[in-house]
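An overview of the molecular structure
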Amino acid sequence: MRYRQLTTGTLVLGVVLLIDVLRVWLPGIITIFGQAASTPAELMGAFALGWFVLAMGAPAVVRRVGARPVTVVAAVALAVARLALTAAPGGRTQLWLATAGLLAGLVWLVGVATVTDRPVPGLALGFAVNAAVHAVLDTVDLVWRGDWVAWLLSAVAVAVFLVGTARSGRRGGAGDALAGPADAPVGPADAAAGPGGGRAWLLAGPALLLAGMVALSPALARTGMSYLVAGDGVARSPLFGLAPVPVAVAGFLCAALTRPPVGWGRAYGPVALLGGAVLFALDRGDLLVPAILLAAVGLGACLALTDDASQPTSDTASTSASRRGHAVAAGMLVFALGAVGYYSAYDLGYPNAAVPVVVAVLIAAVAFTARPVVHRLPGPFPPLRAAAAVTALALLAPVLADEVPVASNRDGPPERLTVVAYNIRMGFGLDGRFDLTGLAQVVDRQRPDVVLLSEVDRAWLLNGGHDTLDLLADRLAMPYVFGPAADPVWGDAVLSRWPVRDPRTLPLAAVGAPTGAQALAVTLDLGDGVRTAVVSTHLQPPPGKGPVVQARAVADFATRYAAGRPLVVAGDLNTEPGDEAFAEFTRAGLVDALAAARPLATSPADDPRQQIDHIFVSPGLTPTDPVAPRSTASDHLPVAVTVTLPPR
């Protein structure tokens, strides 16, 4: 392998490992360091930003110590942390391992930036390879799997990354070097790279944010496809939900690795990126797929505009190296500010739609104002071959990772239905581990016919970019209907072994609560003309009050939707028996299906004290066997009941 290919390949692997660590560290902010809705969002944001601010000092360390020793030590720390996280230790150990890996990754990026003037091929391939692997793994990364295959593949990736770092560090070469004596500061002898690359390194952080949120998000692609299946504002289990991923990867890499147009043709990338960001910001499920494709092509084209390795400048090599180091540190701080700013809005209650658009404007401005390169040097890999190879990997995802459970009427109308309602906390257990197995086991033990889920996350970068709903539906072999609440990828769902008809969703008034809420109603087709209405919801109480207004709206909506048919209403209602909001459901004529087992506390899961998860049924249904099985796969316990249908 030629030297430039080796160093670019090492950059690709390092980016992949850093993103893996971020997929563990970001959820740890709210599931381990703090508790969403109880730990102040400002405190969690300060914790998150603090490490990126600390990394701003890395360029000074590199300048004083030298690029090679800093980069090698940081690479070892990143590799060790990534490998240790494969054990999924949970708790504070997991958080601090991920934090150490994050800080090491940021310092490693700074060290690499000081001696690399052409990062675009490595960054673009790193983003695309990570997205392709994430899709093939069905959005559950190796770091969360922990089996021997995960350990083997993780160990191989870490070993190759370390070998590549060590070998490239012993050699010099224009454009890609970790040269220079170990005890020397960055200077002409330590910076064999050329004078360019500052703009591309500055965009590393913002590009990573938009790639993870929109352009290269497999979970968002599947979510977008699920909206195209149903229409009417709800989403259903899609066929080949990951199909947009290879298209997005191909468009992104072809745009990033090939020479950009000249003249006003250079504007196509910035315009496409802005268009994709605006479509995403509109919070419409049916616009997610075009948002992904536009953003992918636009982001790749913007990176290509900054691929300026041949650009002449009057800067000295040491000055350019220092600027590149500061540029990548500043760019990663933009990543942190954008992520914290976007997702903390769901706790603090301010509009966040502008965040991806502002980040896209920043990327577009930096890219479009870059000086055009007249004589561009060839890249380390043939662009079309590299794009084809990664796209071929991504093409495996729709084949290997897409499963579509199918409901059927089986042997006709049943006499009983077992109902489970569960707040799944985005798939994360009390120890901060992504615990789909634990969630599926506690639900499956109840042998449910219908499952109602709250706090369903389908693509938030903050939570690791998983499609938790599709993953759980696969494990339970039950197709789903999803109703958006806070945005198109966060809300409530109904999974059913029986065919589902006539889905409807009702957005609920916020009444001072920052997180959006809704009620999702569906009709179970039990065969021979027998129908049962089911409503899933998650009420959000305003500060210091009960969710009375929302409870009244849900009770009214549910009874009107049922129109005299048997009715089940369930979810995390954030109200206890005897409260005014609880009484809204009984006042509407519904029956507390868990009454025979009261008190039946459901939160917190490790020491339940509050009875806030409920199941209500219409008077014609007879509830039996109410239970709240113990589990720490979420911060709530599930509630389950078997209801006997009225005689026909």
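First, a word on what this report is: a plain description of the structure on this page. Just so you know, these numbers come straight off a predicted model, no measurement behind them.

The rules behind the values
- Residues numbered from 1 in each chain as written.
- Predicted model: local features only at pLDDT ≥ 70, side-chain atom pairs only at ≥ 80, totals over all residues.
- Heavy atoms only, no water.
- Helix = DSSP H or I, 4+ residues; strand = E, 2+ residues; numbered from the N terminus.
- Rg over C-alpha atoms; globule rule 2.2 N^0.38 Å.
- Buried < 20%, exposed > 50% of the residue type's maximum accessible area, 1.4 Å probe, protein only.
- Contact = heavy atoms within 4.5 Å.
- Patch = residues over 30% accessible without salt bridge, like charges linked within 9 Å, V, L, I, M, F, W, Y side chains within 5 Å.
- Areas by Shrake-Rupley, 256 points an atom, 1.4 Å probe, with all protein chains shown as cover.
- Salt bridge = Lys/Arg side-chain N within 4 Å of Asp/Glu carboxyl O.
- Disulfide = S-S within 2.5 Å.
- 1 Å grid on protein atoms, 1.4 Å probe; cavity = no way out; pocket = protein on both sides within 12 Å on 5 of 7 lines; lining within 4 Å.
- Points joined across faces, edges and corners; volume = space filled by probe spheres on them.
- Arc of directions from axis to C-beta.
- Pairing = 2+ DSSP bridges.
- Axes fitted to C-alpha atoms, helices over the stretch in contact; angles between N-to-C directions.
- Phe/Tyr/Trp six-rings, centres within 6.5 Å; stacked < 30°, edge-to-face > 60°.
- Core = buried A, V, L, I, M, F, W, Y, C linked by side-chain atoms within 4.5 Å.
- Nonpolar A, V, L, I, M, F, W, Y, C, P; charged D, E, K, R; others polar.

**Re the overall build of the protein**
Tallying secondary structure elements over the protein gives 21 helices and 13 strands in all. For a compact globule of 648 residues, the expected C-alpha radius of gyration is about 26 Å, and the protein comes in at 26 Å, within 12% of that figure. Judged by the C-alpha coordinates and their principal axes, the protein covers about 85 × 45 × 45 Å. Within the protein, the fraction of its 648 residues that count as buried is 61%. Long-range pairs, those at least 24 residues apart, make up 78% of the contacts in the protein with a sequence separation of at least 6.

**Quick word on a nonpolar patch on the surface**
Side chains of W148, V149, L152, L153, V156 and V160 sit close together on the surface and give an oily, nonpolar patch of about 580 Å² of accessible area. Tracing the sequence through the fold places V149 in helix α7 (residues 148-169). Judged by its relative accessible area of 33%, V149 is partly exposed.

**Describing the state of the cysteines**
For the structure on display, the rule yields 0 disulfides. Among the cysteines around C302, which has no disulfide bond, C254 carries the closest sulfur, lying 16 Å off. Owing to a relative accessible area of 0%, C302 belongs among the buried residues under this scheme.

**A look at empty space enclosed by the protein**
Tallied over the entire structure, the rule returns 11 cavities of 30 Å³ or more. Roughly 120 Å³ of internal volume is contained in the second largest cavity. Taken together, the elements giving at least two residues each to the lining of the second largest cavity come down to α1 (3-33), α6 (120-136) and α9 (204-215). Counting residues per element, the lining of the second largest cavity draws most heavily on α1, at 4 residues.

**Here's the deal with the pattern of salt bridges**
Counted by the stated rule, this structure contains 19 salt bridges. In this structure, D20 engages R82 in a salt bridge whose closest nitrogen and oxygen atoms are separated by 3.2 Å. Of the two residues, D20 is situated in helix α1 and R82 in helix α4 (residues 67-85); the sequence distance between them amounts to 62 residues. Each of the two residues, D20 as well as R82, counts as buried. Measuring nitrogen to oxygen at the nearest pair gives 3.0 Å for the salt bridge that ties R222 to D402.

**Points about helix α3 (residues 58-65)**
All of the buried residues along α3 are A58, P59 and V62. The buried residues of α3 occupy an angular sector of 100° when the element is viewed end-on, so they sit on one face. The first or second residue beyond α3 is G66, which carries a positive phi of 115°.

**Structural notes on the sheet that holds strand β6 (residues 500-508)**
Taken in spatial order, the 6 strands of this open sheet run β6-β7-β8-β9-β11-β10, and their pairing is mixed. The open sheet has two free edges, formed respectively by β6 and β10 (591-592), since each of these has just one partner strand. By the bridge criterion, 2 bridges tie β10 to strand β11 (residues 613-617) in an arrangement that is antiparallel. Among the inter-strand pairings, V591 is bridged to a residue of β11, identified as V617. The strands touched by helix α20 (residues 548-562) within the sheet are β6, β7 (517-527), β8 (530-538) and β9 (567-572), with β6 carrying the most contacts at an inclination of about 155°. Helix-sheet contacts for helix α21 (residues 580-587) involve β9, β10 and β11, and the interaxial angle to β11 is about 15°.

**Regarding helix α18 (residues 436-444)**
Residues of α18 that are buried include every one of L436, G438, L439, A440, V442 and V443, and no others. Elements in contact with the buried residues of α18: β2 (416-423), β3 (450-457) and α19 (468-476).

**What to know about the packing of aromatic side chains**
According to the stated counting rule, one finds 21 aromatic pairs in the structure shown. When the ring of F47 is compared with that of W96, the centres are 6.0 Å apart and the planes differ by 75°; the resulting orientation is edge-to-face. Of this pair, F47 sits in helix α2 (residues 41-55) while W96 sits in helix α5 (residues 91-114), placing them 49 residues apart in sequence. Relative to Y561, the ring of F557 has its centre 6.3 Å away and its plane inclined at 35°; by these criteria the two rings are tilted. Of the two residues, F557 and Y561 are both situated in helix α20; the distance of 4 residues between them amounts to about one turn of the helix.

**Quick notes on the nonpolar core**
Judged by nonpolar contacts, the single largest core of 151 residues is most densely connected at W25, W201, F252, L253, L453 and L495. At 14 residues, α1 tops the list of elements feeding residues into this core. Among all residues touching L495, those that are not within four sequence positions of it are D449, V450, V451, L453, L469, A473, L476, M478, P479 and Y480.

**With respect to the environment of R630**
Residue placement: R630 occurs in the loop between β12 (622-627) and β13 (639-644). Once the C-alpha coordinates of R630 and G50 are considered, the two residues, 580 residues apart in sequence, prove to be 37 Å apart. The residues contacting R630, other than those within four sequence positions of it, are V442, R445, A605, D606, D607, P608 and L637.

**Some thoughts on the layout of surface pockets**
Empty space within the second largest pocket amounts to approximately 640 Å³. In terms of lining residues, the second largest pocket is bounded by 29 residues, among which L13, V16, V129, V133 and A157 are the most central. If you list the elements that add at least two residues to the lining of the second largest pocket, you get α1, α6, α7 and α17 (383-400). Here the element with the most residues in the lining of the second largest pocket is α1; it accounts for 8 residues. Tallied by class, the residues present in the lining of the second largest pocket amount to 20 nonpolar, 6 polar and 3 charged.

**Focus on the sheet that holds strand β5 (residues 490-496)**
Strand order in the open sheet formed by 7 strands is β1-β4-β5-β3-β2-β13-β12, with mixed pairing between adjacent strands. If you trace the sheet from one side to the other, it starts and ends with β1 (235-236) and β12, each paired once. Across 2 bridges, β1 lies against strand β4 (residues 480-487) in antiparallel orientation. Each residue of the ladder has a partner; that of A235, found in β4, is F482. Lying on the sheet, α19 is in contact with β3, β4 and β5; it crosses β3 at an angle near 150°.

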